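Here is how the chains run, residue by residue.
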Amino acid sequence: MALLFDTDFSRPSGTRTFRHLDGRAFTYEEQALADEATLEELQAAGVRVHNPQGGAEAEAAATELARLVHSYALRNHQALVQFMTHEDMLEYDRLCGVIVAGADS
């Protein structure tokens, strides 16, 4: 882990060679250690790692959060409206009308 905290992860495009924060290239042994780092270790060192599974989990969580907020919004309409701008209230009413019209179909 100490090696990861001393790593400059902004490497030039097309290279897999890591460098220390002071610019020194990793030795062969250090590079081998860095290549074996787990996703959790890299994230602990502050590296933003592209994680397709994490993106899918985030999207699912956003959908679930929207459902949860929606359920409270329907039950507590008056409490919600007091926080809206006039434009938001108009849009809220328009969208509610679309939902009601679709439900009647």
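Residues numbered from 1 in each chain as written. Predicted model: local features only at pLDDT ≥ 70, side-chain atom pairs only at ≥ 80, totals over all residues. Heavy atoms only, no water.

Caption draft 1: Region of interest: the overall build of the protein. For the protein, the count of helices and strands is six helices and two strands. Reading the protein from its N end, one meets helices and strands in the order α-β-β-α-α-α-α-α. Counting over 105 residues, the protein shows a buried share of 16%. A sequence separation of at least 24 residues applies to 25% of the contacts in the protein between residues at least 6 apart. Carbon and sulfur atoms form 59% of the exposed surface of the protein, whose accessible area is close to 8300 Å². (Helix = DSSP H or I, 4+ residues; strand = E, 2+ residues; numbered from the N terminus. Buried < 20%, exposed > 50% of the residue type's maximum accessible area, 1.4 Å probe, protein only. Contact = heavy atoms within 4.5 Å. Areas by Shrake-Rupley, 256 points an atom, 1.4 Å probe, with all protein chains shown as cover.)

Caption draft 2: Representation of the side chain of Glu30 within the structure. By the secondary structure assignment, Glu30 is in helix H2 (residues 28-35). Among buried Asp, Glu, Lys and Arg side chains, Glu30 stands out as unpaired, with Arg24 the closest opposite charge at 5.2 Å. There is a polar contact of 2.9 Å between the side chain of Glu30 and the backbone nitrogen of Thr27. Residues within four places of Glu30 in sequence aside, it is in contact with Leu3, His20 and Ala25. (Lys, Arg positive; Asp, Glu negative; His and termini not counted. Salt bridge = Lys/Arg side-chain N within 4 Å of Asp/Glu carboxyl O. Polar contact = N/O pair within 3.5 Å; in protein donor to acceptor, adjacent residues only side chain to side chain.)

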